[in-house]
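# A look at the structure
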Amino acid sequence: SRCPQHWALLSVSLLSCLLSAACSVGLALAIALTVHSRGTHLVRGCHSPALPADARAAIATNDCPFNTTRIYDTALALWFPTMVLVAAEAVLSGRCFLVALIFRGIGPCARNYSKEQV
């Protein structure tokens, strides 16, 4: 059977899974670099001599376009839940991709499941 919805589900779920996985890797790298450098990469654009080496102790100055006092904690507080959500999206997209494969009759799982079971 030639059902375009199955092909659409297959392609969109694969694309979503790949993009979510890429976002997970990027966020993990950003978190690791930020924790390793104690946040100095977050305030690198501010060329103020008043900024200390540790971003957690940074003082808001007129040389920065943003308040640097809470940038480290705020970034990590936002990145960790985002990492969890993006990883969950990758898993769910991967499951949708497997369902699309089963609908198309592709792969070893297709023989074990009927469309009614899915």
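You'll find the protein chain entered in an unreviewed UniProt entry as KCP3 protein, with Aegotheles bennettii given as the organism. What UniProt records for the protein chain under Subcellular location (unreviewed entry) is the sentence "Membrane". Annotation of the protein chain in UniProt includes, under Sequence similarities (unreviewed entry), the sentence "Belongs to the TMEM54 family."

## Regarding the overall build of the protein chain
Each helix and strand in the protein chain was counted, giving 3 helices and 0 strands. Each helix and strand of the protein chain, ordered N terminal to C terminal, gives the series α-α-α. Split into buried and exposed, the 118 residues of the protein chain put 26% on the buried side. Sequence separation of 24 or more characterises 55% of the internal contacts of the protein chain that already satisfy a separation of 6 or more. Carbon and sulfur atoms form 67% of the exposed surface of the protein chain, whose accessible area is close to 8000 Å².

## Some words on the side chain of S13
Turning to its location among the elements, S13 is positioned in helix 1 (residues 4–36). The buried category is assigned to S13, whose relative accessible area is 5%. Side-chain polar atoms of S13 contact the backbone oxygen of L9, separated by 2.6 Å. Look past the residues within four positions of S13 in its chain and what remains in contact with it is S93, C96 and F97.

## Some words on the UniProt feature "transmembrane region" (unreviewed entry) in the protein chain
Listed under "transmembrane region" (unreviewed entry) in the UniProt record, and renumbered for this structure, are residues 78–103. Regarding residues 78–103, the helix share stands at 100% and the strand share at 0%, and the terminal C-alpha atoms are separated by 37 Å.

## Some details on the side chain of S93
Assignment of secondary structure puts S93 in helix 2 (residues 71–104). Filtering out sequence-adjacent residues up to four positions away, S93 remains in contact with S13, S16 and C17.

## Things to note about the environment of F97
Tracing the sequence through the fold places F97 in helix 2. Overall, F97 belongs to the partly exposed group, its relative accessible area being 21%. Sequence-distant contacts of F97, defined by excluding residues within four places in its chain, comprise L10, S13 and L14.

Thresholds, definitions, all that
- Residues numbered from 1 in each chain as written.
- Predicted model: local features only at pLDDT ≥ 70, side-chain atom pairs only at ≥ 80, totals over all residues.
- Heavy atoms only, no water.
- UniProt positions renumbered as here; feature names shortened; annotations may be inferred.
- Helix = DSSP H or I, 4+ residues; strand = E, 2+ residues; numbered from the N terminus.
- Buried < 20%, exposed > 50% of the residue type's maximum accessible area, 1.4 Å probe, protein only.
- Contact = heavy atoms within 4.5 Å.
- Areas by Shrake-Rupley, 256 points an atom, 1.4 Å probe, with all protein chains shown as cover.
- Polar contact = N/O pair within 3.5 Å; in protein donor to acceptor, adjacent residues only side chain to side chain.

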